[in-house]
Structure formats: C-alpha cells, structure tokens
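Descriptive analysis of the structure
So the chains spell out like this:
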Amino acid sequence: MKVSGVDLESIAEEFGTPTYVIDFERVRENYTRLNEALECPHVIAYAYKANHEPELVRMLALMGSGATVPSAYGVMLARWAGVSPDKVVLVGPSPSRYDLEEALRYGALISLESESEASVLEKMGRARVMVRVNTGIEAGAHPSLVTGGKKSKFGLPPRRALMLLKSLRSTMDVEGIHTHIGSQILSIEPFKRAVELIMKLVRDFGEVKVIDMGGGLGIPYLNEEAFPLEEYSDIVCDAASQVGATLFVESGRYIVGDAGYLLTRVNYVKEVGEEKWLLIDAGMNDFLRPALYNAKHRIIAEGNGPKERYLVAGPVCESADVFGEYYLPRLKEGDLIAIGDVGAYGFSMASRYNLRPLPAVVSVDEGRYRLLRERESFGRAIF
Ligand SMILES: Cc1ncc(COP(=O)(O)O)c(C=O)c1O
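Nothing here was measured: the structure is a model prediction, and the numbers come from that model.

As a further point, take the side chain of Ser65. Here Ser65 lies in the loop between α3 (54-62) and β5 (66-69). Classification of Ser65 as buried rests on a relative accessible area of 3%. Beyond its immediate sequence surroundings of up to four residues, Ser65 is in contact with Tyr31, Ile44, Tyr46, Leu60, Val83 and Lys87.

Okay, here's the thing in structure tokens:
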C-alpha cells in the first residue's frame, strides 16, 4: 500500500495505529484544479473545519488560499498561516462575542446569520460584513449535511436577509451576500438555483463587492460521478462577473477529502452466526462520518485469494461504531488496512470519547513522510 511513493506499512510501524495520513501532493492538485477552473476574480476561502492541520492550511495559504473559519481560533490560525484579512471569512450560526471580536480585530469578513447577531456586532464596532441567505434549497448527501430549508438554523430567508443588508448600510461596511447550501453535493442543479436566487437579491440590493457561494462541492466516495467542476465554474463566474463582484468559494471537502487515509490494524476477527466481524483499532471517535452521516468509505486492504464478506467495526462501546459491510481479502489480527477519502471531516471531528487518545497525523509529500501531530498518550491527553 503506497501513497505518493510512501509505504503506508512503514508509517504504521513507526507511529502506530490509528494514524491519519494526509497526501499534501494531492491537496495541491485539488486546489490547483479548482483555482484554474474558476476563470474570474475569486478567492478560494478554504473551509478550515474540513481539516485544520496547521501545516496544511499554511501550505494552502502559500498557494494563495483564503480561509473560512467558524471561530476565533480559526481566525488566529488563518493569521498564523499568513492569510490576509481580506481573504478570511468568519461564519457560523451562533458565534460567541469572543469569535466576533477576534474577527473584527483582524478585519475579517463576517457573515451575519441573524438580526440579533448583527446588533451585537454593531455595538462592537464597524465591521466588514455579509449576510448569509438561507435559500430554502435542500441539498446535501445526508439530512445532517443540508443547510437550507425552513427547518434549518442557518442564515436568514431571502427577504429578511435583504432587509438586514439594507439596514446595515450606515453602521457597517456591507460587502456582499453569502450562502452555503449544503455539503457533499454532486449535481449542478442546486447550485444553479442558488445562484439565480442570490443574483436576484444582488439586483434588489444594489452593488456588492463579494458574492460568496459557500462550499459544498462533492467528491466521489464510492462509484459516483466526479463533481461537474467546469459547469459549476461557468455558472458562478458568470454571475459574479455580471455584477463585477469577487467570487468567494468556501470549499473544504473538494480540496482535502480524497487526500486523507486512516491507517488502522485489525484487532480481532470474530464470527457470530452468519456474520464475520472485522474489529479494528479505529473507532467512531477517530472517524465519525460513518456513525454521523451513514457515510461509506472505501477500504484498502492487501491480500490474495477470494474476497470475504466482513462487517467492519471499531472498539467504541456504541452500536453505531460500525463502518459497514465490505468485501475484502482474508484478514487476520494485526493486518493493516487503510480507510480512504478521510481528509475532510476526519481528524477535525475526532474526539476522546471512550477515553481514547486522539490519533497521530502524518503528512506524505513527494516520497517523504513527516509526523505532524503526535498520538496522545495518558500523560499528554486531557482526560
Ligand atoms: C459556511 C460553510 N462554508 C463552507 C463549508 C465547507 O463545505 P464543504 O466541505 O462541503 O465544501 C461549510 C461546511 O459545512 C460551511 O458550513
């Protein structure tokens, strides 16, 4: 098993398992593909929540990326990475005073999600702001990945967003309109509808400097078609160019998703009735997507002979700690497997649940590997 010329077994031997591996070359390829497809003035404000590994965000910043951050610490990390304030977006449904203060102090663009958030910020000072629109479009690969619609806590419905934008003209530097319709979207239709709605708002409001279309660009996890990047780019760039605005795209998953691997070893193989359980040493605390979103990720395992059916599960005492049904070569205790496409919402969602230390993180780049984050141990973890 090799990634970017590096043998994953040697990483597992040196640093143990579970360990996240991030392929930096792949991240650069993904960023470059997106950057080159967007043929209009734009900022790729990479969504730090997808993977906030400091070395990774610094590499992206050096390539020209901006940052979309959900908190004060995100603003600090973006500043540390060298992202200039005009490329930093703070957005979230319920930022604390501290989050807002830090964003204001740095001069980041703040996307407001409610009138009450706006009045809190108004008391703090004059900020660069956008308003986040809930387009009502329900898109995303799982109900928990949908951010639009009547029952969503995100943003404001179009008319209210417009009223708020107008009311902020005298107290704030109103720079633009923002939306983020959901995550892991593979079809172009929801984006088309969102762009139409945003453009209508822009016309009703008047001039804007920024149109921020959020993230949401999906990746194929199993056998899905790749995201229609060129079509997307045509649509969003046409819209922004029509009104002379800079386009912001807050991609996270598209840039880092397929660059991550979770190395894990087989702890036990257990047969119960018809089922053969492959019990591995990575669990839902290390990688939450299967339990949270019912996500299925490819598993890479070496071995010859016919494939066998396994139910793959982790060590956490929760019935939801199951990765799913897989056909894999015959495996035994101690064998290494890699869970693929875990670069986005992998380590960044990991927890210490079940008194399990956070896993190690290693980068691979042009045939070399490097430890980015040590595995926690009893003394180092915050138990
Ligand atoms: C406001 C906002 N922007 C961007 C993103 C990144 O989304 P994705 O990783 O799907 O591109 C998210 C993720 O949920 C988000 O909430």
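Further remarks concern the site of the ligand. Around the ligand, a shell composed of 14 residues is seen, among which Lys49, Ser183, Glu250, Arg253 and Tyr345 lie nearest. A distance of 2.6 Å separates an oxygen atom of the ligand from a polar atom in the side chain of Lys49. Between the ligand and Arg253, the relevant distance is 2.9 Å, taken from an oxygen atom to a main-chain nitrogen or oxygen of the residue. Taken by itself the ligand offers 390 Å² of open surface, and the protein chains cover 93% of this. The residue inventory of the shell around the ligand, partitioned by class, reads three nonpolar, seven polar and four charged.

This next bit is on the domain arrangement of the protein. Once the domains are mapped, the protein shows domain 1 (2-21 + 257-373) and domain 2 (52-251). In this structure, domain 1 and domain 2 have C-alpha centres spaced 33 Å apart. With 16 residues of domain 1 at the interface, the matching set in domain 2 holds 11 residues. Our count for the contact surface shared by domain 1 and domain 2 stands at two salt bridges. For Arg370, the salt bridge is made with Glu55, and the minimal N-O distance between the two is 3.5 Å. Among the secondary structure elements, those contributing two or more residues to the side of domain 1 that touches domain 2 are α11 (289-293) and β19 (368-373). In the side of domain 1 that touches domain 2, the residues fall into five nonpolar, four polar and seven charged.

Looking at the secondary structure, you find Pro357 in the loop between β17 (336-340) and β18 (360-365). A C-alpha to C-alpha distance of 49 Å links Pro357 and Gly244, two positions 113 residues apart in sequence.

This paragraph deals with the packing of α3 against helix α4 (residues 72-81). How two helices pack is summed up by the angle between their axes together with the distance between the axes. Remark: α3 packs on α4, axes separated minimally by 9 Å, with the N-to-C direction vectors making an angle of 55°. The orientation of α3 with respect to α4, classified from their angle, is oblique. Pair α3 / α4 crosses with right-handed handedness. Mapping the contact onto sequence places Pro54, Glu55, Val57, Arg58 and Ala61 in α3 and Leu77, Trp80 and Ala81 in α4. When grouped by side-chain class, the residues that make up the contact of α3 with α4 number six nonpolar, no polar and two charged.

What counts and what doesn't
- Residues numbered from 1 in each chain as written.
- Predicted model: local features only at pLDDT ≥ 70, side-chain atom pairs only at ≥ 80, totals over all residues.
- Heavy atoms only, no water.
- Helix = DSSP H or I, 4+ residues; strand = E, 2+ residues; numbered from the N terminus.
- Buried < 20%, exposed > 50% of the residue type's maximum accessible area, 1.4 Å probe, protein only.
- Contact = heavy atoms within 4.5 Å.
- Near = heavy atom within 4 Å.
- Polar contact = N/O pair within 3.5 Å; in protein donor to acceptor, adjacent residues only side chain to side chain.
- Areas by Shrake-Rupley, 256 points an atom, 1.4 Å probe, with all protein chains shown as cover.
- Nonpolar A, V, L, I, M, F, W, Y, C, P; charged D, E, K, R; others polar.
- Domains from an automatic or database assignment.
- Salt bridge = Lys/Arg side-chain N within 4 Å of Asp/Glu carboxyl O.
- Axes fitted to C-alpha atoms, helices over the stretch in contact; angles between N-to-C directions.
- Parallel < 35°, antiparallel > 145°, perpendicular 65-115°, else oblique.
- Left-handed = near helix turned anticlockwise from the far one by under 90°.

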